[in-house]
Every structure is written in C-alpha cells, then in structure tokens.
Amino acid sequence: MRVIAIDGPAGSGKSTVARAVAQRLHLRYLDTGAMYRAVAFAVLRAGGDPSDPDLAARTAREIELDVGLDVVMVDGMDVTSDIREPDVNQAVSTVAANADVRRELVARQRRWAQTQGGGVLEGRDIGTVVFPDAELKIYLTADPAERARRRAAEAGDLNYEAVAADIARRDAIDTTRSADPLSEAEDATVVDTTGLTIEEVVDRIAGLLTTTSRSEGPV
Ligand code: DC
C-alpha cells in the first residue's frame, strides 16, 4: 500500500500540494482536516457545545462521513462550504484536541487508505500517528505572514489581521494539545514553501520519491 503523508500547519500549502501530488502519482487524496471540521460542524448543527468531550466523541463515532475530492458530506448533507465557516474555524481545534475524537477519526483514515489501496493524506499527525510507516513523509512550512496571506486570499477575507490572529490561535492549540500534537515526524522531509510556486513544491516532492522508491522499476 502506497501512502504519502503530508503534514503541516494551516496555510502551509498542504491542501493544494497534496492534491497535486495525488494527481501526479495517480493516487487518491484525503483531507483529514475536513473530517475534524465535519465533526465540529455536526456538533454545532445539533446545538451542542464543541468543548463537551462526550458529545464530540459520540458525534465522531455516529456521523456518516464522506470526504471526497471536492465534496464533503455529513449524514447525507453537502457541508463542503459550511465546514469552512468562522463558527467551525472557531470550534475545530477544540474538537481536534479530544483524544476520543482522534481515535475514531484515525481509525476511519486507516480504513480509508486500506480500501483505496493507499493514497495521499494531509493533516497534522499523518506521518507521526496515522501512518508512521508511510513511504514518504513531508512536513510543509511557510513563514506565518505568508500563511496568513494565503488563508486571507483563499477566504476572500480582506481582514488580514483577523486571519493572522486566527491562524496563530489554532497553531498554538494544535501544537500544544496533549493528544497527538502537530509536530514533525523524525523522518519527515521539511519543505519550506515560502516563496515557492505549487509546481516547485510538487516537483521537489516527486523528486524525493524518485530517489527513495525502491522496487518501482520494470522487472
Ligand atoms: O487543515 P485544517 O485547517 O482544515 O484542519 C482543521 C483542524 O483540524 C485544525 O485545527 C487541525 C486539526 N487537524 C488535526 O488535528 N489532525 C489532522 N490530521 C487534521 C487536522
């Protein structure tokens, strides 16, 4: 099973890069952040409190979740844009810090990869927890100002200061939580995307695969 792990903080370029890598390698792609967002959304939609640990854990276990390339469905409902709304941005780090939620979603991510015969997974803990034996582990970074600029442009939100503050707040929660905090796997290759185009980043990752792959040649 061929698994490529792409981790890093918000705005490091993970989604765009992971999609492009998947396309180039003809692998399926999974945005695991969308899964944590979907759980936060489902809790909020039911009028629940995202910091209620039992409620968040039960929601993670019980929702029907379908994270596709372009569409995210929760219980048969298209929530693709809802999960990017400010209320979900606000709640998601708390939900993602819940160890029971993580256990459930990690199990779903492993099942997904097994069913697909591998894939490119992007998140915060793919190389450290979900697939420690991944064929290639990439840790993407970019300087905080550039990450905030990208997220602000992506959201069509011109309030750069607010976006920068939100990213800093989420980075702090994601890196300091006790359950599977965001960190570089020891054997991950760190790629700083500041000032690089998507194509340059994808080329660099594809180059790493060429040098690390062992038995891909003709027999
Ligand atoms: O990548 P994103 O911004 O959509 O992620 C949303 C949140 O989920 C973010 O706070 C980090 C968390 N997350 C996580 O803890 N583990 C993952 N594998 C993916 C995302």
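Definitions and cut-offs
Residues numbered from 1 in each chain as written. Predicted model: local features only at pLDDT ≥ 70, side-chain atom pairs only at ≥ 80, totals over all residues. Heavy atoms only, no water. Pairing = 2+ DSSP bridges. Helix = DSSP H or I, 4+ residues; strand = E, 2+ residues; numbered from the N terminus. Axes fitted to C-alpha atoms, helices over the stretch in contact; angles between N-to-C directions. Parallel < 35°, antiparallel > 145°, perpendicular 65-115°, else oblique. Left-handed = near helix turned anticlockwise from the far one by under 90°. Contact = heavy atoms within 4.5 Å. Nonpolar A, V, L, I, M, F, W, Y, C, P; charged D, E, K, R; others polar. Near = heavy atom within 4 Å. Polar contact = N/O pair within 3.5 Å; in protein donor to acceptor, adjacent residues only side chain to side chain. Areas by Shrake-Rupley, 256 points an atom, 1.4 Å probe, with all protein chains shown as cover.

For the rest of this paragraph, the subject is the sheet that holds strand β3 (residues 65–67). Pairing in this open sheet of 3 strands is antiparallel, and the strands run β3-β4-β5 from one edge to the other. Looking at the sheet topology across the chains shown, the edges are occupied by β3 and β5 (77–78).

Ordered in space as β2-β6-β1-β7-β8, the 5 strands form an open sheet in which the pairing is parallel. The sheet is open, and its two borders are formed by β2 (29–31) and β8 (189–192), each paired with just one other strand. Averaged over all adjacent pairs, the angle separating strand axes in this sheet is 20°, with direction ignored. As paired strands, strand β1 (residues 2–7) and strand β7 (residues 136–141) are joined by 4 bridges and run parallel to one another. Bridge pairing in β7 places I4 opposite L136.

What follows is about the packing of helix α2 (residues 32–45) against helix α5 (residues 99–116). Between α2 and α5, the shortest axis-to-axis distance is 11 Å and the interhelical angle comes to 135°. Here α2 is positioned oblique relative to α5, judged by the angle of their axes. In this structure, α2 meets α5 at a crossing whose hand is right-handed. In contact with T32, M35, Y36 and V39 of α2, α5 contributes V101, R102, L105, V106, R108 and Q109. The class makeup of the residues in the contact of α2 with α5 is 6 nonpolar, 2 polar and 2 charged.

This part is about the site of the ligand. Around the ligand, the surrounding shell holds 16 residues, and the nearest of these are R37, R102, R124, D125 and R177. A distance of 3.1 Å separates an oxygen atom of the ligand from a polar side-chain atom of R170. Here an oxygen atom of the ligand sits 3.1 Å away from a polar atom, N or O, in the side chain of D174. Against a free-state accessible area of 450 Å², the protein chains account for coverage of 99% of the ligand. The set of elements that each furnish at least two residues to the shell around the ligand consists of α2, α4 (86–96) and α8 (160–176). Per-element tally for the shell around the ligand: the top contributor is α2, with 4 residues.

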